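Chain residues, written in single-letter form:
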Amino acid sequence: MTSERCIYLVRHGETTGESSIRYHGRNDVPLSELGEQQVARLIPLVQDLPFHAVLHSPLDRARVSANILLDGLRHPPGLVEEVADFTELGFGAMEGLTAEEIAVREPAWFAEWQAGRADGFPGGEKFAGFAERVQRAVDAVLARHPEGDLLLVAHKGIIKRAVGHLLGLSTEAVKRLDPSLGSLSVLSCGEQVKLERWSVLPDSS
């Protein structure tokens, strides 16, 4: 990174598959009407910013969220880019389930997971591999776009790992991050990376 700039990170809104309570990773569930409204309420926070690029996950909930924000920008970005590696963590056999349903279906694994000893979801992506994927994707994006503000629209896991990577946080610190649906977070990137805003909702900005 050659100059001071900011990375704006937006988590997509609520989905028809209830992302607020269900583990949807690779499930390509669409935004609900509420989710569309949540994202649209972020427009006043970003509409005047001249983004160099807007990047988003290929999953529908992130792509549509990005398009809602793009429609509200007063300065069209130089580039809109879909980034495959910004797809959410794969939850494998646990896709679409709530924590309570997982506890009933896989009680032994659930206990290990709650104790912090699981290395991934059954049949899903390993946590370590996911972290490496996100770090690689973030580094590649910053190398392709070394200057200018960026807007990244993605998922909870992606935002947590991206912020953790850029701030140099421990794995335990990353686990405690919890960006809300339809929220905005901002990193300033210069000689040092700083978290300027975290999980901002329109009524708390």
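This report concerns the structure included in the present document. Computed from a prediction, not measured in an experiment: that's the story for all the values here.

End to end, helix H3 (residues 60–72) covers 19 Å across 13 residues, agreeing with the expected 18 Å (1.5 Å per residue, within 8%). Listed in full, the buried residues belonging to H3 are Asp60, Arg61, Ala62, Ser65, Ala66, Ile68, Leu69, Leu70 and Gly72. Contacts from the buried residues of H3 go to strand E1 (5–11), helix H1 (33–40), helix H2 (43–46), strand E2 (53–56), strand E3 (79–82) and strand E4 (150–154).

With 33 residues, the main nonpolar core has Leu9, Phe86, Ile102 and Phe121 as its most contacted residues. Elements that contribute at least two residues to this core include exactly E1, E2, helix H5 (107–114), helix H6 (127–144), E4, helix H7 (156–167) and strand E5 (184–189). At six residues, the largest contribution of residues to this core is made by H6. Setting aside its immediate chain neighbours within four residues, Phe121 contacts Tyr23, Leu89, Phe91, Met94, Ile102, Trp109, Trp113 and Phe127.

With that settled, consider the layout of surface pockets. Empty space within the largest pocket amounts to approximately 1,200 Å³. Looking at the lining of the largest pocket, the elements with two or more residues in it are H5, H6, H7 and helix H8 (171–176). For the lining of the largest pocket, the element with the highest residue contribution is H7, accounting for six residues. Grouping the constituent residues of the lining of the largest pocket by class yields 15 nonpolar, 13 polar and ten charged.

Along its twelve residues, H7 runs 17 Å from first to last C-alpha, staying within 8% of the 16 Å computed at 1.5 Å per residue. Elements in contact with the buried residues of H7: E1, H6, E4, H8, E5 and strand E6 (193–200). One or two positions beyond H7, positive phi appears at Gly168, with a value near 70°.

The rules behind each value
Residues numbered from 1 in each chain as written. Predicted model: local features only at pLDDT ≥ 70, side-chain atom pairs only at ≥ 80, totals over all residues. Heavy atoms only, no water. Helix = DSSP H or I, 4+ residues; strand = E, 2+ residues; numbered from the N terminus. Expected span 1.5 Å × (residues − 1). Buried < 20%, exposed > 50% of the residue type's maximum accessible area, 1.4 Å probe, protein only. Contact = heavy atoms within 4.5 Å. Core = buried A, V, L, I, M, F, W, Y, C linked by side-chain atoms within 4.5 Å. 1 Å grid on protein atoms, 1.4 Å probe; cavity = no way out; pocket = protein on both sides within 12 Å on 5 of 7 lines; lining within 4 Å. Points joined across faces, edges and corners; volume = space filled by probe spheres on them. Nonpolar A, V, L, I, M, F, W, Y, C, P; charged D, E, K, R; others polar.

So, to be careful, I would describe these as geometric facts and stop short of saying anything about function.
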